[in-house]
Amino acid sequence: MHLRSRNAVLRQTQHVAMPAVHRKRGASGTSKSIKMEVKTEAMESLNPKAEENSGFKEEQLGVVVVPAMKLEVVETGSFVKDEEPTVGIKTDDEANSRKMVKKSKHAHAPVNWKAMWDGIAGMRAEKSAAVDAQGCETFNDMTLDPPVRRFHVLVACMLSSQTKDPVTAAAMGRLRAHGLTVESMLAIKQADLAAMLRPVGFFNNKAKYIQQTCATLQSLYQSDIPSTYEGLVALPGVGPKMATLTMSCAWNNTVGICVDIHVHRIANRLGWAKTWAKGGKSQDPEKTRKELEDWLPREHWHEINVLLVGFGQQLCTPLRPKCDSCAINHLCPSAFKKASP
């Protein structure tokens, strides 16, 4: 039997991998991924033990573990900005490495929205709806002086609220025949202006708002219109939809999606928004605008208004929509349903 010396010492090092990823904030406001690996070192020593066996004593080897913790920090990963959400993907289990991948910008876009968009565009290819011939964009007359041209667009947008395009176009014709400038609108009596606007929806209020707006334009903008959304929406009687449409048509600057009742209704029918107020509650197109802008690519923001308004005027009408004639009825979640928006 081989006996080992009592004073012999066996030193053995055990490595226990305890991977953990921590976030360490740097001075520049960024974060760094840190993998910490803990190593433990154990000491084994001889522990004499007497034991009787077949008439003689034999020294057995015992083990006493004395932990000595040793910490090593191994840096992995890369710097990433805190405000950019990332998803860790393990690409190598043995190396425990990570890739930082940005989330998709349009991850929650409705299913089949592009197919529906293309289908509607195909049905609207002839541009034969009322909005195509009499919408606010048609009053952007390039033969006029720029300030006057932009003023015409603003007035048309103000009149279009709660009013059908043919009625708006007829009122604009009467105003232009009278002479549609900031100065001429201030010179006319409010009652006479209201008579020219009739039967535009809320024609009395709109006559008042037009004259109040003209006073502001004359005193603050040299009879031109504001070139910013904030300036437009601050004018009397000009809401978010009018300001957005005016920026797009008069200044060729698309700052948002123009959502009227047609866009509000059709976006909810198509499943592009979930903002339709049920039970007779008042509708809020602004909620639809925010939802659409959250996922719709910006290059479509300008055209969506005319596209859906014309679609709503000809096929996807408020009452009894013509689903039988619609080329996307196989994609539309509201097709042939009586209780659709």
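This structure is a prediction, so every number in the text was calculated from the model and none was measured. Along each chain, the written sequence defines residue order, and numbers are assigned to residues from 1. Residues qualify for local features only when their pLDDT is at least 70, as the model is predicted, and side-chain atom pairs are given and counted only at 80 or more; totals for whole chains, interfaces and linings, by contrast, use all residues. For side-chain calculations, the full set of non-hydrogen atoms in the structure is used, while hydrogens and water are omitted.

## Describing the nonpolar core
Under the convention used in this document: Nonpolar cores are built from buried Ala, Val, Leu, Ile, Met, Phe, Trp, Tyr and Cys residues. Side-chain atoms within 4.5 Å join them into one set. Buried, partly exposed and exposed residues are distinguished by accessible area as a fraction of the type maximum, computed with a 1.4 Å probe on protein chains only: under 20%, between the cut-offs, and over 50%, respectively. Comment: elements are numbered from the N terminus, with helices defined as DSSP H or I runs of at least four residues and strands as E runs of at least two.
Core analysis: the biggest nonpolar cluster contains 38 residues, and F151, L159, L175, L193 and I210 have the highest contact counts within it. The greatest single-element share of this core, amounting to 8 residues, is contributed by helix α3 (residues 146–160). Among the nonpolar cores identified, the runner-up in size contains 30 residues, and V131, V263, V309 and C332 belong to it.

## Let's talk about unusual backbone geometry
Cis geometry marks the peptide bond from R198 to P199; its omega dihedral reads 15°. Mapped onto the secondary structure, P199 falls in the loop between α6 (190–197) and α7 (203–220). Here N112, not a glycine, exhibits a phi torsion of approximately 65°, which is positive. Turning to its location among the elements, N112 is positioned in the loop between β8 (97–102) and α1 (113–123). Unusually for a residue other than glycine, K127 sits at a positive phi of about 50°. Relative to the elements of secondary structure, K127 occurs in the loop between α1 and α2 (130–134).

## With respect to the side chain of T275
For the record, the criterion: A 3.5 Å cut-off defines polar contacts: any pair of N or O atoms within that distance qualifies, except that in protein one atom must be a possible hydrogen donor and the other a possible acceptor, and neighbouring residues in sequence count only when both atoms are side-chain atoms. The contact rule is simple, with two residues in contact once any of their heavy atoms fall within 4.5 Å.
Relative to the elements of secondary structure, T275 occurs in the loop between α10 (261–270) and α11 (285–295). Polar side-chain contacts of T275 include one of 2.4 Å to the side chain of T288. Here T275 is in contact with H264, N268, Q283, K287, T288 and E291, once residues within four sequence places are set aside.

## A few points about the packing of aromatic side chains
The criterion, for reference: We call Phe, Tyr and Trp rings a pair once their centres come within 6.5 Å, taking the six-membered ring for Trp, and we label the pair stacked below 30 degrees between planes, edge-to-face above 60, and tilted otherwise.
Counting across every chain of the model gives 4 aromatic pairs. Measuring from ring centre to ring centre gives 5.3 Å for W113 and W295, while their planes differ by 65°; the resulting arrangement is edge-to-face. Separated by 182 residues along the polypeptide, W113 in helix α1 and W295 in helix α11 bring together distant segments of the chain. Look at W113 and you get buried, because its relative accessible area is 14%. Of the aromatic side chains, those joined through ring pairs into one cluster are W113, W117, W272 and W295.

## Observations regarding the packing of α1 against helix α12 (residues 304–314)
Quick note on the threshold: Only the contacting stretch of a helix is used when fitting its axis, a line to C-alpha atoms as for every element, and angles between N-to-C directions run 0 to 180 degrees. Relative orientations are named as follows: roughly parallel for angles under 35 degrees, roughly antiparallel for angles over 145 degrees, roughly perpendicular for angles from 65 to 115 degrees, and oblique for any other angle. Take the far helix as your reference; a near helix turned counterclockwise from it by less than a right angle gives a left-handed crossing, and one turned clockwise gives a right-handed crossing. As a working rule, the residues Ala, Val, Leu, Ile, Met, Phe, Trp, Tyr, Cys and Pro are called nonpolar, Asp, Glu, Lys and Arg charged, and the rest polar, with Gly in that last group.
Close contact between α1 and α12 brings their axes to 10 Å; oriented N to C, the two are set at 65°. Compared by their axis directions, α1 and α12 come out roughly perpendicular. As α1 runs across α12, the sense of the crossing is left-handed. Only I304, L307, L308 and F311 of α12 make contact with α1, whose side of the interface consists of W117, I120, A121 and M123. Here the residues of the contact of α1 with α12 are counted per class, giving 8 nonpolar, no polar and no charged.

## Quick word on α3
Rules: Expected span of a helix: the number of residues minus one, times 1.5 Å.
The terminal C-alpha atoms of α3 lie 21 Å apart, and with 15 residues this matches the ideal 21 Å at 1.5 Å per residue to within 8%. Along its buried surface, α3 packs onto α4 (165–178), α5 (182–187), α6, α7, α8 (229–233) and α9 (240–250).

## Observations regarding the pattern of salt bridges
Definition in use: We define a salt bridge as a side-chain nitrogen of Lys or Arg found within 4 Å of a carboxyl oxygen belonging to Asp or Glu.
Under the criterion given, the structure shown has 6 salt bridges. Put simply, D224 and R150 hold a salt bridge, and the shortest N to O gap is 2.8 Å. Of the two residues, D224 sits in the loop between α7 and α8 while R150 sits in helix α3, which places them 74 residues apart along the sequence. Here D224 falls in the buried class, since its relative accessible area comes to 14%. Residues R289 and E293 are paired through a salt bridge, measuring 3.0 Å at the closest nitrogen-oxygen approach. Of this pair, R289 and E293 both sit in helix α11, 4 residues apart, which is roughly one turn of the helix. The buried category is assigned to R289, whose relative accessible area is 17%. Bridged by salt links that share partners, the residues E286, R289 and E293 form one connected network.

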